[in-house]
Amino acid sequence: MPTDLTLYLAAPRGFCAGVDRAIKIVEMAIEKWGAPVYVRHEIVHNKFVVDGLRAKGAVFVEELDDCPADRPVIFSAHGVPKSVPAEAARREMVFVDATCPLVSKVHIEAERHHQNGLQMVMIGHAGHPETLGTMGQLPQGEVLLVETVADVAGIAPRDPAKLAFITQTTLSVDDTADIVAALKARFPAIIGPHKEDICYATTNRQEAVKAIAPKIDALLVIGAPNSSNSKRLVEVGRAAGCGYAQLVQRADDIDWRALGALKAVGVTAGASAPEVLVNEVIDAFRARFDVTVDLVETARENVEFKVPRVLREPA
Ligand code: 0CH
Ligand code: SF4
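Residues numbered from 1 in each chain as written. Chains lettered and ligands numbered in written order. Predicted model: local features only at pLDDT ≥ 70, side-chain atom pairs only at ≥ 80, totals over all residues. Heavy atoms only, no water.

**Student:** Which residues make up the sheet that holds strand β7 (residues 143–146), and what are the values?
**Tutor:** Taken in spatial order, the three strands of this open sheet run β7-β6-β8, and their pairing is parallel. Whereas interior strands pair on both sides, the edge strands pair on one side only; in this sheet they are β7 and β8 (163–167). Averaged over all pairs of adjacent strands, the angle between their axes in this sheet comes to 25 degrees, without regard to strand direction. Against the sheet, helix α4 (residues 101–115) engages β6 (119–123) and β8, with an angle of about 170 degrees to β8. Helix-sheet contacts for helix α7 (residues 173–186) involve β6, β7 and β8, and the interaxial angle to β6 is about 150 degrees. (Pairing = 2+ DSSP bridges. Helix = DSSP H or I, 4+ residues; strand = E, 2+ residues; numbered from the N terminus. Axes fitted to C-alpha atoms, helices over the stretch in contact; angles between N-to-C directions. Contact = heavy atoms within 4.5 Å.)

Have a look at this one:
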């Protein structure tokens, strides 16, 4: 006789508007120009998505240098340094930028502050493609990176009175608030967005995790190990008191022994994780428990982004 288990399913979870658009861009580019279409970096950080597009004719590379000049190339949702489209134009390549419009908005913010003579502080993760892309909008030395509250004490701006901050879009809302507070304490004149640049999707997914955390014995976040927003959901779950919170790429990754005897489990998915993997995880629980699914919806999303015009026009 299987034991009863309540599975709290967070909503919103999974694909955001930027991911949806980026995947559509690759699919439409293959339809328009035929295979192969090159993609610089994983279009979004999910192996399942990448493998699916590869099967349709996408070729994933890390650098533009790895693409032949006579095939179209797409830039990933995370954004690229300015040097990348510049180089593609120099090589006379056909390129489509799948950078999420909410990441591009941060690029524009950085540019505007720079034109107003301000040096930038970026709150983000070193080496992450979005951080590299956003910092790469401005000349070297114009963007100082901070990852933690402790980093704030270590930066040496040219003129502390002429500073602005920007952030990665997929950070922890609470950790970022602490870093912003530290920046404002050390540099009272610093200018920034109203709160930070964390996007609606990141914010909503974290809120939904906070809502289910008090009800559950364990939290599973479906997402990839290189997915910033997915990893943040695990941290948010732990910070909200969930003793066991794990990132899993799909059902096969679930460590049933570590989960132990459960009465209630929480399931969510990062912005780059497809719903088919959520269903796979739910089915894996159904195979072991008598599951009741309880949807906990903390927000409704209706954001949609159009694909670039070049893909809406006939070939
Ligand atoms: O969360 P990150 O930025 O690592 O990226 P992802 O997992 O591919 O999710 C989509 C977000 C893309 C840029 O904001
Ligand atoms: Fe855009 Fe936010 Fe999705 Fe990133 S997580 S692609 S910024 S909507």
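**Student:** Let's hear about the sheet that holds strand β12 (residues 290–297): which residues, and what values?
**Tutor:** Within the open sheet, the five strands sit side by side as β10-β9-β11-β1-β12. Their pairing is parallel. Edge positions in the sheet fall to β10 (244–248) and β12, since each has one partner strand and no second. For this sheet, the mean angle separating the axes of adjacent strands, direction not counted, is 25 degrees. Across five bridges, strand β9 (residues 218–222) lies against β10 in parallel orientation.

**Student:** So what's going on with the pairing of β8? Residues and values would help.
**Tutor:** Every regular strand shows the same layout, with side chains that alternate between the two sheet faces. With five of five residues buried, β8 is to be regarded as a mostly interior element. In β8, alternate side chains face the same way, and those of Leu-163, Phe-165 and Thr-167 on one face and Ala-164 and Ile-166 on the other are all buried. Taken together, the five bridges between β6 and β8 define a ladder with parallel strand orientation. In the strand pairing of β8, Met-120 is matched with Ala-164. (Buried < 20%, exposed > 50% of the residue type's maximum accessible area, 1.4 Å probe, protein only.)

**Student:** Which residues make up empty space enclosed by the protein, and what values go with them?
**Tutor:** Counting across every chain of the model gives one cavity of 30 Å³ or more. Quantified by volume, the largest cavity comes out at close to 300 Å³. Cys-16, Val-19, Thr-169, Thr-170 and Asn-229 are, among the 23 residues lining the largest cavity, the residues nearest its centre. Going through the elements one at a time, α1 (17–33), α4, α8 (200–212) and α9 (228–239) are the ones with two or more residues in the lining of the largest cavity. Its residues assigned to classes, the lining of the largest cavity comprises eleven nonpolar, eleven polar and one charged. (1 Å grid on protein atoms, 1.4 Å probe; cavity = no way out; pocket = protein on both sides within 12 Å on 5 of 7 lines; lining within 4 Å. Points joined across faces, edges and corners; volume = space filled by probe spheres on them. Nonpolar A, V, L, I, M, F, W, Y, C, P; charged D, E, K, R; others polar.)

**Student:** A description of the UniProt feature "active site" (unreviewed entry) in the chain should follow, citing residues and the corresponding values.
**Tutor:** According to UniProt, the "active site" (unreviewed entry) feature falls on Glu-130. Inspection of the secondary structure assignment puts Glu-130 in helix α5 (residues 129–135). On the basis of relative accessibility, which here comes to 3%, the residue Glu-130 falls in the buried class. In this structure, Glu-130 is in contact with His-78, Val-103, Met-122, Thr-167, Gln-168, Thr-169 and Thr-170, ignoring residues within four places of it in sequence. (UniProt positions renumbered as here; feature names shortened; annotations may be inferred.)

**Student:** So what's going on with helix α2 (residues 47–56)? Residues and values would help.
**Tutor:** For α2, the set of buried residues is Val-49, Val-50 and Leu-53. The buried residues of α2 occupy an angular sector of 95 degrees when projected down its axis, which confines them to one face. Residues of α2 that are exposed and angled more than 90 degrees away from the buried face: Lys-47 and Ala-55. Where α2 is buried, its residues contact α1 and β3 (58–61). Among the residues of α2, the N-terminal cap falls to Asn-46, whose side-chain oxygen and the backbone nitrogen of Phe-48 are separated by 3.0 Å. Once α2 ends, the next one or two residues include Gly-57, with phi positive near 125 degrees. (Arc of directions from axis to C-beta. Polar contact = N/O pair within 3.5 Å; in protein donor to acceptor, adjacent residues only side chain to side chain.)

**Student:** Residues and numbers for the site of ligand 1, please.
**Tutor:** Taken together, 15 residues lie around ligand 1, and His-45, Ser-227, Ser-228, Asn-229 and Ser-272 are the ones closest in. A distance of 2.8 Å separates an oxygen atom of ligand 1 from a polar side-chain atom of His-128. One of the side-chain nitrogen or oxygen atoms of Ser-272 is found 2.6 Å away from an oxygen atom of ligand 1. For ligand 1, whose unbound accessible area comes to 360 Å², protein coverage reaches 96%. Cavity membership is defined here by more than half of the atoms lying within 2 Å of grid points; on that basis ligand 1 lies in the largest cavity. (Near = heavy atom within 4 Å. Areas by Shrake-Rupley, 256 points an atom, 1.4 Å probe, with all protein chains shown as cover. Sits in = over half its atoms within 2 Å of the grid points.)

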